[in-house]
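# Structural overview
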Amino acid sequence: MDKARIKERAEEVNSRSLDFQLSHAVAACNVMIIEDFKVRSQSEREDLKQKILVASQRKDESEVQRLREHIGGLKKPSRIYVEYCNIPEDSGRVVKTEDNHLVISLPLALAEKSRDEAIVYNEKGVQELRRRTAHELGHVILHFDKLMNQTGLRGSLDLGPDEDIEANIFTETLLELRRNRNATLASQGFYSKGIL
Ligand SMILES: [Zn+2]
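Everything in this summary refers to the structure shown in the same document. (Residues numbered from 1 in each chain as written. Predicted model: local features only at pLDDT ≥ 70, side-chain atom pairs only at ≥ 80, totals over all residues.)

## Examining the overall build of the protein
From N to C terminus, the protein includes seven helices and three strands. Along the first, second and third principal axes, the C-alpha set of the protein runs to 70 × 40 × 30 Å. A burial count over the protein gives 25% of its 196 residues as buried. A fraction of 56% describes how many contacts in the protein between residues 6 or more apart in sequence connect residues 24 or more apart. (Helix = DSSP H or I, 4+ residues; strand = E, 2+ residues; numbered from the N terminus. Buried ≥ 20, exposed ≤ 12 C-beta atoms within 10 Å, placed from the backbone. Contact = placed C-beta atoms within 7 Å.)

Right under this line is the structure:
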């Protein structure tokens, strides 16, 4: 994929994710994949309606019935969920569920490292968690079709090395945009001190 296009998509996520808490970026990506779905399914729907019209003019009732069922069965938009589970600390993945949603799995051990003993944010842990989430969101935004066509439980782990390079470009772009924007917000007095 064109590097400029990857950066453009990361910019779109950034512009929708407020100050980019992890949940904001996930919500922004959720909105984007639902909007993409509407655009795609709209042309498919219109195409099917046209075919129904032609079939009903031919008085081909069984074809009309078949096409109506096809419209009814069009997939619903996917949503993104995040879970923390017992997977190796250096891993992470995004997997399609049977009902076409996407689950980002992140290591529980890493989530635990994002807080210290007093349950205060541990900066390094949070940054690593954010980086890992951004990488999987990169796969969602850049490799959506490939993820949706995958079977099995490895999800993004079965994408190729090129896809990982692309997800890393997406991650770096998104995190840099976030740093820049939050620095601007801090200079305007929105934050009292450094932002994680
Ligand atoms: Zn990856």
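Now that the structure is up, let's keep going.
## Let's talk about helix α7 (residues 161-187)
With 27 residues, α7 extends 39 Å between its outermost C-alpha atoms, agreeing within 8% with the 39 Å of an ideal straight helix rising 1.5 Å per residue. Positioned one or two residues after α7, Gly189 has a phi angle of 90 degrees, which is positive. (Expected span 1.5 Å × (residues − 1).)

## Description of the packing of helix α5 (residues 123-142) against α7
α7 packs onto α5 with a crossing angle of 120 degrees between their chain directions and a minimal axis gap of 8 Å. One element, α5, and the other, α7, form an angle in the oblique class. Like other packed secondary-structure pairs, α5 and α7 cross with a definite hand, here right-handed. Facing Arg131, Ala134, His135, Gly138, His139, Ile141 and Leu142 of α5, the residues of α7 in contact are Glu163, Glu166, Ala167, Asn168, Phe170, Thr171, Leu174 and Leu175. Among the residues making up the contact of α5 with α7, the classes are represented as seven nonpolar, five polar and three charged. (Axes fitted to C-alpha atoms, helices over the stretch in contact; angles between N-to-C directions. Parallel < 35°, antiparallel > 145°, perpendicular 65-115°, else oblique. Left-handed = near helix turned anticlockwise from the far one by under 90°. Nonpolar A, V, L, I, M, F, W, Y, C, P; charged D, E, K, R; others polar.)

## Thoughts on the nonpolar core
If you look at the biggest cluster of nonpolar residues, it comprises 24 residues, and the most contacted ones within it are Val13, Ala25, Cys29, Leu137, Val140, Ile141 and Phe170. The set of elements that each furnish at least two residues to this core consists of α1 (3-16), α2 (22-57), β2 (93-96), β3 (102-107), α5 and α7. Examining the composition of this core, we find that six residues originate from one element, α5, more than from any other. (Core = buried A, V, L, I, M, F, W, Y, C linked by C-beta atoms within 7 Å.)

## A look at the environment of Val94
When you line up the elements, Val94 lands in strand β2. Between the alpha carbons of Val94 and Asn168 there is a distance of 15 Å; along the sequence they are 74 residues apart. If near-sequence neighbours (up to four positions away) are discounted, Val94 is found in contact with Leu102, Val103, Ile104, Glu136, His139, Val140, Leu147, Gly155 and Ser156.

## Description of the sheet that holds β3
Read from one edge to the other, the open sheet built from three strands follows the order β1-β3-β2, with strand pairing classed as mixed. Of all the strands in the sheet, just β1 (80-85) and β2 have a single pairing partner and so form its edges. Across the sheet, the axes of successive neighbouring strands diverge by a mean angle of 25 degrees, strand direction being ignored. Relative to β3, α5 is tilted by about 155 degrees, and along the sheet it contacts β1, β2 and β3. (Pairing = 2+ DSSP bridges.)

## Thoughts on the environment of Asp60
Here Asp60 is to be found in the loop between α2 and α3 (61-72). For Asp60, a count of 14 C-beta atoms within 10 Å corresponds to the partly exposed category.

## Regarding the pairing of β2
Sheet analysis places β2 next to β3, joined by four bridges and oriented antiparallel. Residue pairing for β3: Lys96 is matched across the bridge by Leu102.

## What to know about unusual backbone geometry
Phi is positive for Lys59, which is not a glycine, with a value near 60 degrees. Position of Lys59 among the secondary structure elements: in the loop between α2 and α3. The backbone of Asn100 sits at a positive phi, close to 70 degrees, despite the residue not being glycine. Relative to the assigned elements, Asn100 resides in the loop between β2 and β3.

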